Amino acid sequence: MRRPSKRKTSSRRTSSPVCAVNAAHELRTPLTTLRVELELQAETPQPAETAQALERMLRTVTSLGVLVERLMVLAEGTQGELALFEPVSLSDLVEDVVRALPEDEQRRVDVDAGTRGLIPGDGHLLRQLVDNAVENALKFSNGGRVHVSLQQTGDATLLDVRDEGPGIAPEDSMRVFEPFYRTPSARAGKQGHGIGLSLVALVARAHRAHAEFLPSARGAHLRLSFPRATGPDC
């Protein structure tokens, strides 16, 4: 993976939204077909365990379909900004993401939420952002721990994800946010498609947030800086 640098990336227009649009188009039809097939199977009498499995798969496919549609909106927009915002708690999202992990991975994640991190945004997309950031850290931490923290400064809400892996090389610290880019070490030892961090950057940009890797003595330190919302519960 990585050795961080101070250079910032979330505002870069070279993250190729065309790639995201093409990928979303390719996913739309098979996901729709799969959803219809699952719906038909769910309407047929099934054993209890099979019915429960079909329900879980249908929820997952439906959620993926929503994500694909929203990614297309983001990637095709000239500014990449969302039209619909609702109050979203980053702290709640982190809790949900960690709770959904397998038990062995849950035990590797430390969470320090010093604030609710209430920001205006799209809860579904922000959930994907947190999920991809944590998943990336777990993947490259080589079995080590992942530390997730949430804090506020005077003008920003900061979500930090740190791992205990090898870090990011300076020449890769900007490119890891590009769609489908994988570092040489990632290609050599980890499965993946190079989409996770590019999705993080895309969703961050749509929420007027900033993604970057900060210098770290050990592992990689991903920071997401969201403009601070105003209000007593923020």
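Residues numbered from 1 in each chain as written. Predicted model: local features only at pLDDT ≥ 70, side-chain atom pairs only at ≥ 80, totals over all residues. Heavy atoms only, no water.

(A) Here's a closer look at unusual backbone geometry. Located in the positive-phi region is Asn142, a residue other than glycine, with phi close to 55°. Here Asn142 lies in the loop between α5 (123-140) and β4 (146-152). One non-glycine residue, Arg208, lies in the positive phi region at around 60°. (Helix = DSSP H or I, 4+ residues; strand = E, 2+ residues; numbered from the N terminus.)

(B) The pattern of salt bridges, seen in detail. Counted under the stated rule, the structure contains 7 salt bridges. Where Arg59 meets Glu55, a salt bridge forms, and the shortest distance between an N and an O atom there is 3.2 Å. Of this pair, Arg59 and Glu55 both sit in helix α2 (residues 48-76), 4 residues apart, roughly one helical turn. In this structure, Arg223 and Asp160 form a salt bridge, with 2.7 Å as the shortest nitrogen-oxygen distance. Highlighted residues: Arg223 in strand β7 (residues 221-227) and Asp160 in strand β5 (residues 156-162), separated in sequence by 63 residues. (Salt bridge = Lys/Arg side-chain N within 4 Å of Asp/Glu carboxyl O.)

(C) Highlighting the side chain of Ser225. Here Ser225 shows up in strand β7. Discounting chain neighbours no more than four positions away, the residues touching Ser225 are Thr157, Leu158, Ala209 and His210. (Contact = heavy atoms within 4.5 Å.)

(D) Structural detail: the environment of Ile168. The topology assignment puts Ile168 in the loop between β5 and α6 (184-189). Judged by relative accessible area, which is 0%, Ile168 ranks as buried. Taking the C-alpha atoms as reference points, Ile168 and Pro215, separated by 47 residues in sequence, lie 9.5 Å from one another. (Buried < 20%, exposed > 50% of the residue type's maximum accessible area, 1.4 Å probe, protein only.)

(E) Representation of α5 within the structure. Over its 18 residues, α5 extends 26 Å from the first C-alpha to the last, a length consistent with the 26 Å expected when each residue adds 1.5 Å. The element α5 is largely enclosed, with a buried count of 13 among its 18 residues. The first or second residue beyond α5 is Asn142, which carries a positive phi of 55°. (Expected span 1.5 Å × (residues − 1).)

(F) Representation of the nonpolar core in the model. Leu129, Leu159, Leu224 and Phe226 are the most contacted members of the largest nonpolar core, which totals 38 residues. If you list the elements that add at least two residues to this core, you get α3 (90-99), α5, β4, β5, α7 (196-206), β6 (210-214) and β7. Considering every element that reaches this core, the biggest residue donor is α5, with 8 residues. Sequence-distant contacts of Leu224, defined by excluding residues within four places in its chain, comprise Leu129, Thr157, Leu158, Leu159, Val200, Ala204, His210 and Ala211. Within the second largest apolar cluster, 5 residues are counted, among which are Leu38, Leu54, Val61 and Val68. (Core = buried A, V, L, I, M, F, W, Y, C linked by side-chain atoms within 4.5 Å.)

(G) Quick look at the environment of Leu199. With respect to the helices and strands, the residue Leu199 is situated in helix α7. For Leu199 and Ala133, which are 66 residues apart along the polypeptide, the C-alpha to C-alpha distance reads 9.3 Å.

(H) Region of interest: the sheet that holds β4. Strand order across the open sheet formed by 5 strands is β2-β4-β5-β7-β6, with mixed pairing between neighbours. Every other strand in the sheet has two partners, leaving β2 (109-113) and β6 as the edge strands with one partner each. Direction aside, neighbouring strands of the sheet carry axes that sit 15° apart on average. Here β4 runs beside β5; their pairing, made up of 6 bridges, is antiparallel. Bridge pairing in β5 links Gln152 to Thr157. In the packing of α3 onto the sheet, the strands contacted are β2, β4, β5 and β7, and the crossing angle to β2 comes to about 165°. (Pairing = 2+ DSSP bridges. Axes fitted to C-alpha atoms, helices over the stretch in contact; angles between N-to-C directions.)

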